[in-house]
Amino acid sequence: MKKSEEKAYSSKFKKLTELKSFVGKELGLTNWMQMSQKKIDAFAKITDDTQWIHTDPEKSALYSPYKKTVAHGFLVLSMVSRISFNAFSIENIVAGINYGLDRVRFPNATKSDSTYRGRVSLMEFTEILGGAKYKLKIEIEIKGEGKPACIAEFLALAYTK
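A brief structural summary. Please read these numbers as outputs of a predicted model, since none were measured by experiment. (Residues numbered from 1 in each chain as written. Predicted model: local features only at pLDDT ≥ 70, side-chain atom pairs only at ≥ 80, totals over all residues. Heavy atoms only, no water.)

A look at a nonpolar patch on the surface
As a reminder, the rule being used: Each patch is built from residues that are more than 30% exposed by relative accessible area and take part in no salt bridge. Like charges join if they lie within 9 Å; nonpolar side chains (Val, Leu, Ile, Met, Phe, Trp, Tyr) join within 5 Å. Exposure was quantified through the Shrake-Rupley algorithm and a 1.4 Å probe, taking into account, for residues, occlusion by the shown protein chains and nothing else. Any carboxyl oxygen of Asp or Glu within 4 Å of a side-chain nitrogen of Lys or Arg constitutes a salt bridge here. A helix here means a DSSP run of H or I that spans at least four residues, while a strand means a run of E at least two residues long, and both kinds are numbered starting from the N terminus.
Taken together, the side chains of Trp 52, Leu 62 and Tyr 63 present a nonpolar region at the surface, about 350 Å² in accessible area. Position of Tyr 63 relative to the elements: it lies in helix H3 (residues 57–63).

Have a look at this one:
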């Protein structure tokens, strides 16, 4: 089966400590989502970043190396939390804290009207008082492209009941 034909799935854990056995393994793969021009324009308006490469399809067709508008890197990166939420769940969590990113790379542009999804793996897991600290690798794939849009190492804290 080709990588792009893999079916979406998410892992479900009753207890946070169960996550420990998944270090180095994949936790989930989201459904495909659309990066519409409408979504790109809304992000541009909210952030006041209306550069032509994001918002002007005609100019992008002429001058962009991609021949289309492309999503802002931060728009793509903003999908990381949603992807993580959709890729796995843990029942006994009472508080979760996203405390940042360890490393982020953007190997490929996300063109308007492209289709993307997230692949989530667990890189590290450390128990702490009342919970755990963990690092996820989140790869945002673009359908039909050999290189992903984004690879992010997402840091989180989780506390249990």
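Notes on the nonpolar core
To be explicit about the condition: Residues grouped as a nonpolar core are buried Ala, Val, Leu, Ile, Met, Phe, Trp, Tyr and Cys residues, joined through side-chain atoms within 4.5 Å. Each residue is placed in one exposure class: buried if its accessible area under a 1.4 Å probe, protein chains only, is under 20% of its type's maximum, exposed if it is over 50%, and partly exposed if it falls in between. For this analysis, residues touch if any pair of their heavy atoms sits within 4.5 Å.
Among the nonpolar cores identified, the biggest contains 34 residues, and Leu 19, Leu 27, Phe 88, Val 120, Tyr 134, Leu 136 and Ile 140 are the most heavily contacted of them. Looking at this core, the elements with two or more residues in it are strand E3 (33–35), helix H1 (37–47), helix H4 (73–87), strand E4 (88–90), strand E6 (114–128), strand E7 (131–142) and strand E8 (150–160). No other element matches H4, which puts 7 residues into this core. If we ignore the near neighbours within four places in the chain, the residues touching Tyr 134 are Leu 19, Phe 88, Leu 122, Glu 124, Phe 125, Phe 154, Leu 155, Ala 156 and Ala 158.

A closer look at the packing of aromatic side chains
To be explicit about the condition: Between rings of Phe, Tyr and Trp, where Trp is taken as its six-membered ring, a pair exists when centres lie within 6.5 Å; planes separated by under 30 degrees are stacked, by over 60 edge-to-face, and by other angles tilted. Any Lys NZ or Arg CZ found within 6 Å of a ring centre and within 35 degrees of that ring's normal is scored as a charge over the ring.
Inspection of every chain in the model, using the stated rule, returns 3 aromatic pairs. Arranged with centres 5.0 Å apart and planes meeting at 85 degrees, the rings of Phe 13 and Phe 22 form a pair that is edge-to-face. One residue, Lys 25, lies across the ring of Phe 22, its end atom 5.7 Å from the ring centre.

What to know about the side chain of Glu 141
Put simply, the test is: Pairing of N or O atoms within 3.5 Å defines a polar contact, subject to two protein rules: one partner must be a possible hydrogen donor and the other a possible acceptor, and residues neighboring in sequence count only if both atoms are side-chain atoms.
Its place among the elements puts Glu 141 in strand E7. In this structure the side chain of Glu 141 is engaged in a polar contact, spanning 2.8 Å, whose partner is the side chain of Arg 117. At 2.6 Å, the side chain of Glu 141 and the side chain of Arg 119 are in polar contact. Excluding anything up to four places from it in sequence, Glu 141 contacts Lys 3, Leu 29, Trp 32, Thr 115, Tyr 116, Arg 117, Arg 119 and Pro 148.

Points about the pattern of salt bridges
Taken as a whole and judged by the stated rule, the model has 11 salt bridges. In this structure, Lys 20 engages Glu 127 in a salt bridge whose closest nitrogen and oxygen atoms are separated by 2.5 Å. Of this pair, Lys 20 sits in the loop between strand E1 (9–13) and strand E2 (26–29) while Glu 127 sits in strand E6, and the two are 107 residues apart along the sequence. For Glu 127, a relative accessible area of 45% corresponds to the partly exposed category. Here Asp 113 makes a salt bridge to Lys 68, at a shortest N to O gap of 3.9 Å. Pair noted here: Asp 113 is in the loop between strand E5 (93–105) and E6 and Lys 68 is in the loop between H3 and H4, with a separation of 45 residues, a long-range link. Residue Asp 113 is classed as partly exposed on the basis of its relative accessible area, which comes to 45%. On the basis of relative accessibility, which here comes to 31%, the residue Lys 68 falls in the partly exposed class.

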